[in-house]
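# Tertiary structure, described
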Amino acid sequence: MDELLGGHLRTLREAAATGRPPGRAELDDCRAAGVLAAERGVPVRALVEAALAMAESVTPAPLSALRRTVSALMEGYEDAQRSALRQEEAARREFVDDLLQGRVHRLAERAEHFGLRLAETYAVAVARAAADAGGGIAEGTARRIEDALIARFGSQNVLVAVRDGTLVCVAPGGLAAATGEFTHHVRRLFAPGWRVGLGRAHRGPGGVVASYREGANAIELGDRLGLRAPVLKAADLLVFPVLLRDRAAIEDLVTTVLSPLLEARGGPEPLLATLEAVFASQGNQTAAARRLGVSTRAVTYRLERIRRLTGFSPDDPTQRFTLETAVLGARLLDWPAQSLS
């Protein structure tokens, strides 16, 4: 400590002898000592106590000079801490970008610094704020959620970061409670309209990338399909990527089954919405009517209209599957707003 605060003691003795306050050079030396103390990990309380103890040996006590030198020490110490935090945040952002984009340079070594063991299985949750929230997701919000998760599960188990306007949580695949807790905090801190996509657990760095993409795609599918649930599991949506892999086939299905609805008075949208409500209500027309805000008679009329136009009825098990798949395909392809080839 004497090595760090030698300049501080000389400045106090000179101030006591001459009555002059410390100059810029002396205060810069004190700031540099504060930076060095922070870099060496000296506790701030120990630094201040040592500075005050040295002042007691100087007579007469130069209180004004002491106040300035201690203030300069603290400025240097705080500047060093802020710089270290900025460097840590920059390293975290770079690591998260490399991890989620599959860039593997020294990835496992860097992952250990952030508490991840990439040979294990991990799942990724992706949270998106409401579209009208504005300003994206603040770093402070991410830090609050990560602190809460670390307090419960430990620093070796979770990583939370902001990426591409979303909040990402990487957690061990065997620790399902971590993504559940993450969702709880998103619900508490985000404005209504948020969504969370949960990727499946995969092993290794490539598995983290796959899980992240699944979580992000789950949110996108939820938007395209008009799903109401705020939490979407990729495992529950596996059928939709399968449908999209053969675009020609799904376009043919939508065109063949649903294009007759274009002839309906008022357009196809009310009839498509009715089919969605009926499917979501497991065929219960009364429940579907409540979802749509119309009478049960209106739902019955619309279903009969659909049967007459398309030749398919949701009451027939085989035809119901065909109709439901066609409606899902229409939402995925944004039909009829987008014409099909």
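Structural notes, computed from the coordinates. Fair warning: this is a prediction, and the values are worked out from it, not measured in the lab.

### Considerations on the packing of helix 11 (residues 269-280) against helix 14 (residues 317-332)
The interhelical angle for the contact between helix 11 and helix 14, taken along N-to-C directions, is 120°, at an axis separation of 10 Å. Taken together, the axis directions place helix 11 and helix 14 in an arrangement best described as oblique. Along this stretch, helix 11 crosses helix 14, giving a crossing that reads as left-handed. Across from Glu269, Leu272, Ala273, Leu275, Glu276 and Phe279 in helix 11, the residues of helix 14 making contact are Arg320, Leu323, Glu324, Val327 and Arg331.

### Topic: the pattern of salt bridges
Under the counting rule described, the total for this entry stands at 15 salt bridges. Ionic pairing is found between Glu214 and Arg200, a salt bridge with its closest N-O pair at 2.7 Å. Residue Glu214 is found in helix 8 (residues 204-225), and its partner Arg200 is found in the loop between strand 4 (195-198) and strand 5 (202-203); the two are separated by 14 residues along the sequence. For Arg200, a relative accessible area of 33% puts it in the partly exposed group. For Arg307, the salt bridge identified is with Glu304, shortest N-O distance 2.5 Å. Taken together, the positions of Arg307 and Glu304, both in helix 13 (residues 296-310) and 3 residues apart, correspond to about one turn of that helix. Salt bridges here are not isolated pairs; linked through shared partners, they connect Asp28, Arg31 and Glu75.

Reading guide: rules and limits
Residues numbered from 1 in each chain as written. Predicted model: local features only at pLDDT ≥ 70, side-chain atom pairs only at ≥ 80, totals over all residues. Heavy atoms only, no water. Axes fitted to C-alpha atoms, helices over the stretch in contact; angles between N-to-C directions. Helix = DSSP H or I, 4+ residues; strand = E, 2+ residues; numbered from the N terminus. Parallel < 35°, antiparallel > 145°, perpendicular 65-115°, else oblique. Left-handed = near helix turned anticlockwise from the far one by under 90°. Contact = heavy atoms within 4.5 Å. Salt bridge = Lys/Arg side-chain N within 4 Å of Asp/Glu carboxyl O. Buried < 20%, exposed > 50% of the residue type's maximum accessible area, 1.4 Å probe, protein only.

Geometric descriptors of this kind do not, in isolation, establish any biological role.
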